[in-house]
Each structure stands twice: as structure tokens, then as C-alpha cells.
Amino acid sequence: MVLYIWRHPKPIAANGFCIGQTDISVDKRKIKRLANKIQRFVRLHQLPKVIWVSPLQRSLKVGEILAPHGFQYHVAPELAEIDFGGWDGRPWAQIPKQQIDDWCDHFADFAPKGGESLQQLFNRAENWLNEMAAQNSGQKPVLAVGHAGWINAASMIAARQEAPKIAADWPQAVNYLQCRKLDFQPNKLTVYNSQLLG
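Residues numbered from 1 in each chain as written. Predicted model: local features only at pLDDT ≥ 70, side-chain atom pairs only at ≥ 80, totals over all residues. Heavy atoms only, no water.

**Q** Any details on the nonpolar core? Residues and values, ideally.
**A** L3, W52, L79, W87, W128, L129 and W150 are the most contacted members of the largest nonpolar core, which totals 36 residues. Those elements giving two or more residues to this core turn out to be β1 (2-7), α3 (97-105), α4 (118-136), β4 (142-146), α5 (148-158) and β5 (179-185). Not counting residues up to four positions away in its chain, the partners in contact with W52 are H74, A76, L79, W128, M132, V142, L143, A144 and V145. (Core = buried A, V, L, I, M, F, W, Y, C linked by side-chain atoms within 4.5 Å. Buried < 20%, exposed > 50% of the residue type's maximum accessible area, 1.4 Å probe, protein only. Helix = DSSP H or I, 4+ residues; strand = E, 2+ residues; numbered from the N terminus. Contact = heavy atoms within 4.5 Å.)

What follows is the structure, encoded as C-alpha cells:
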């Protein structure tokens, strides 16, 4: 199964904040820009007009913009960004340093109060990918609009890597509006092409 997944547009006023499942807004022009980019990509590669989005508006609204242009969009809660629980939506400066140190030192398994660990995000992403591969039988590419942490997790799963134990091993995020192409083979998940596509 080939997955093309675009990262959502940059949210408004997110700098300096811990943003996971906080439903933060995005400039409508940037949402339209990503929707136009996806339409051109679909037209160029003659792909089906079906796209998966997370329930968070920075992803969901891309699907809503695409719908009048003949796209079917499906909302998948499994595509949401990691849940930072009590940290979510707070300035990083207000989160106790000891908690952040604990997270960085036990990166895979630490979960902020009320949130999920990176390992739980990996499990959620892997379950969705396997479900999509089973539904799809590898016939048609799957298109999605997702989030940086989720995309990193999916890329590492595809490369048969475990959730990193320390924060220093976490890869750099894909840029806003950029696409990553992953190829998930039945019973063998591999990165077909981890290069970023314009």
C-alpha cells in the first residue's frame, strides 16, 4: 500500500506552545493552498479523489475544502497527533523542567498526565496502517492529511524501527504542506521513498 501523507498547514499562534491534540486554527488561505496542491498532485498522477483526515481542524478543514471539488474525505481519529494530555495547549515554558527531562530520557514510554506515550502513538499509527492495507489490498494509493508526530511515527514503523528511547533519536519533522510517500507491503512494512515530495 502506498500512502501519500501531507502535513497540515502551520497553525496560527502556535509558536512556543505544546500542541498535540489542541484544536488550533489555521489561516484559511493556507488550507486552500494545501488543498490546491493536493488537487494538482491527484490530477498529475491520476489518483482517486479520496482522502483521509484527522478530526483536528488543521487537517479536517483541508478535506472540507476538497469536498466541493469531487473529493470524498473520511475522518479517522487514529490520524490525530499525539495527545499531550495536561501539557496540551500550554506554553512549553510553563511545563515543569523535571517533567520535560523525564520525557526526553524515557521518550518512548513517558506520557504526560492524561496523555499518551510515544509508544501508544506508534501502536495507534500501526493499527491504522495495517487496517488500511487490509482494506486496500495494495491496489490504490491512500491519501491523507496528517500531523508531524504521526508522520514521523509512520515513517519509523515503515523502516521497522521502534519508538526511540531518547528524544535525541527523534527525526526532524516534515515541513508544513509537504508530502511524504510511504510504501507498506503486506507483512513487510518498508519505506519505499522517504524523500519529501513538493
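**Q** So what's going on with the pattern of salt bridges? Residues and values would help.
**A** Side chains that carry opposite charge are capable of pairing whenever their charged atoms lie near each other. Taken as a whole and judged by the stated rule, the model has three salt bridges. Residue D101 is joined to K97 by a salt bridge in which the shortest nitrogen-to-oxygen separation is 2.7 Å. Of this pair, D101 and K97 both sit in helix α3, separated by four residues, roughly a single helical turn. (Salt bridge = Lys/Arg side-chain N within 4 Å of Asp/Glu carboxyl O.)

**Q** Could you give me a rundown of the environment of I19, with the residues and numbers involved?
**A** Here I19 shows up in the loop between β1 and α1 (28-45). Classification of I19 as partly exposed rests on a relative accessible area of 21%. Separated by 69 residues in sequence, I19 and D88 place their C-alpha atoms 5.5 Å apart. Those residues in contact with I19 that lie beyond four places of it in its chain are A14, I24, R58, E81, F84, D88 and G89.

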